[in-house]
Amino acid sequence: MTTNNVFENLPSHLRECLLYFGMFPKDFEIPVWKLIRLWIAEGFIQQNNYASLEETAENYLEELINMNFIRAKKFKLDGKVKTCRMHALLRDFCLAEGFLQEIKLSGDGSFQPVELKFRRLCIHSNAALNFLSTKPYGPSVHSFVCFSRDQMIILPAEDIPSIPRGFKLLRVLDVEPIKFTKPPTDMCQLLHLRYLVLSCNLRVLPPAFSKLWNIQTLVVVTDSRTLDIKADILNMIQLRHFKTNSSATLLKTSESSDGAGGEIQTLENISPQSCTEDVFDRRRVRNLKKLGVRGKIDVLLDEKTGSFHSLGKLGNLENLKLLHDVFPRAHSEGSLCGLPPAYKFPPKLKILTLSFTFLDWHHMSILGSLENLEVLKLKEKAFMGEIWEATDGGFRHLRVLKIESTNLKIWLASDHHFPRLEHLQLNNCEDLQQVPIELADVPSFVKLGLFRSARAVASAKKIEAKIKKNDHKSGTVVRPFTLSIFHREE
């Protein structure tokens, strides 16, 4: 059966999603987060009364993977697909059939194709800089994406207006490899934009960005450690996801407009000072599922000045990231004294990530009391101290535990301390003498990964052997246990 016949037999709701893979370079690992939000912005995802657009898009991708059109490449700790890739031959078909144009630089220095007649443009090289300097014009272009495997492309200030002038009907603009030399306020003329990714050395997001009232996904990549947002993003009616790599301070507004902010699902990363009851108005952030906070977390936790209790009112929040950033001081000078009691955390919290908090291990009992916690990521020096003795009665639903960059030497725990643990990942735990052997007695434990944690390797192998022995002795089917050991960067 030919590729064309296979495509014709696809369900109609998957055809455009599959053809869209032609936008990405050959052998490119596509972040699922990006892919799903692009599909939504393009209008490919059908509204479902029983699931959000994002959940429906994830189901579409799963269908394409199960039908072997798409390969899952990397997985998150919880088992969900993190990146994916299309087979090279199938990508050529999608590029030919997908009503899109790949802009290429020919031998004589000109661009092919010359006429921009399709709705979608993609550039897979550093040719983007020269392309934009030609003042391109595409009145029917709805999507313009740029990918570069090399270093950042610096766009001169005089060429910035070429995008809004040449492509006035843009819905999708993803040009992260292109770094703007000044705040691209001209982009605010693109009132049809639904998806925007910008890279610019911004300290302030100008008020003009409030005009993008159709925007669903806004991503700002900046060299600055802080971003002062003067645009009223919380009152953008369609906004679903806002992300930045800096600590963003949100504009203070008195009240939300009718219906404004109700679609927001992601805010990442915002400053602790922006975590207030005014910002987290129940009407405005009622659908917020993922929140990243970056800055001086001790300010957030201080009962006199902080507003951690405002996070506890986020009734649908499932994913919380706290990155303790005390710059210009060293990270080691910013250790937290403790954590709030469990009842002050968001009630539906499933995923918690901590970084540079330098907490003592006895505070783990608080996290163990979070009733719905399934994934706990203790990243860069989240917890420090040579001994961790697990306490009874906690982590009743924890499935995934990641610990990295700690000076932990002795970890005392038994199977009943982590009764539902499935996956344990230890990165840069160079002092850890051994993984608790008793974890082999957890029935659900199927994956153990060690990266630069050499002293614990012997115990990890003992766990693997004990699991095989236990399953053999009980006469049950041997569980698919996976042990991964890496000693250095690949």
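For clarity, every value in this text was computed on a predicted model and none was experimentally measured.

Quick notes on the rules
Residues numbered from 1 in each chain as written. Predicted model: local features only at pLDDT ≥ 70, side-chain atom pairs only at ≥ 80, totals over all residues. Heavy atoms only, no water. Helix = DSSP H or I, 4+ residues; strand = E, 2+ residues; numbered from the N terminus. Buried < 20%, exposed > 50% of the residue type's maximum accessible area, 1.4 Å probe, protein only. Contact = heavy atoms within 4.5 Å. Areas by Shrake-Rupley, 256 points an atom, 1.4 Å probe, with all protein chains shown as cover. Lys, Arg positive; Asp, Glu negative; His and termini not counted. Charge placed at Lys NZ, Arg CZ, Asp CG, Glu CD. Pairing = 2+ DSSP bridges. Phe/Tyr/Trp six-rings, centres within 6.5 Å; stacked < 30°, edge-to-face > 60°. Lys NZ or Arg CZ within 6 Å of the ring centre and 35° of its normal. Core = buried A, V, L, I, M, F, W, Y, C linked by side-chain atoms within 4.5 Å.

Visitor: For the overall build of the chain, give the residues involved together with the corresponding values.
Guide: Of the regular secondary structure elements, the chain holds 11 helices and 28 strands. Burial status across the chain gives 52% buried among its 490 residues. Summarising the internal contacts of the chain: among those between residues at least 6 apart in sequence, 55% fall at separations of at least 24. Element-wise, carbon and sulfur atoms account for 49% of the exposed surface of the chain, whose accessible area totals about 22,800 Å². With 65 positive and 56 negative side-chain charges, the chain shows a spacing of 1 Å between the two charge centroids.

Visitor: So what's going on with the pairing of strand E14 (residues 226-229)? Which residues, and what values?
Guide: Burial along E14 is one-sided: the face carrying Leu227 and Ile229 is buried and the face carrying Thr226 and Asp228 is not. Strand direction decides the pairing type here: strand E12 (residues 204-205) and E14, joined by 2 bridges, are parallel. When the sheet's bridge partners are listed, Leu205 is paired in E14 with Ile229. As defined by bridge partners, E14 adjoins strand E15 (residues 241-249) across 3 bridges and the pair is classed as parallel. Bridging across to E15, Leu227 finds its partner in Ala248.

Visitor: I'd like a rundown of the sheet that holds strand E1 (residues 30-31), residues and numbers included.
Guide: Read from one edge of the open sheet, 3 strands run E1-E3-E2, paired in antiparallel fashion. Every interior strand has two partners, whereas the edge strands, E1 and strand E2 (70-75), have only one. In terms of strand pairing, E2 meets strand E3 (residues 81-86) through 5 bridges, oriented antiparallel. Pairing of Lys74 across the sheet is with Thr83, part of E3.

Visitor: Break down the packing of aromatic side chains for me, with residues and values.
Guide: Overall, the coordinates contain 17 aromatic pairs when judged by the stated rule. Sitting over the face of the ring of Phe327, Arg225 holds its NZ or CZ atom 4.0 Å from the ring centroid. Of note, Lys243 hangs over the ring of Trp33, and the distance from its end group to the ring centre comes to 4.3 Å.

Visitor: I'd like a description of unusual backbone geometry, backed by residues and values.
Guide: Backbone torsion omega between Glu268 and Asn269 reads 0°, so that peptide bond is classified as cis. Within the secondary structure, Asn269 is located in strand E16 (residues 266-270). Note the cis peptide between Phe327 and Pro328, where omega equals 15°. Tracing the chain through its elements places Pro328 in the loop between strand E18 (319-324) and strand E19 (351-355).

Visitor: Now, about the nonpolar core: what can you tell me, with residues and values included?
Guide: The tendency in soluble globular proteins is for nonpolar side chains to be buried as a group. In this structure, Phe280, Leu291, Leu367, Leu401, Trp411 and Phe418 are the most contacted members of the largest nonpolar core, which totals 109 residues. With sequence-adjacent residues up to four places away left out, Trp411 is seen in contact with Trp388, Leu401, Phe418, Leu424, Leu432, Val435, Pro436 and Leu439. Counting residues in hydrophobic clusters, the runner-up holds 43 residues, among them Leu18, Ile65, Leu90 and Val172.

Read these as layout, nothing more, since geometry by itself doesn't imply function.
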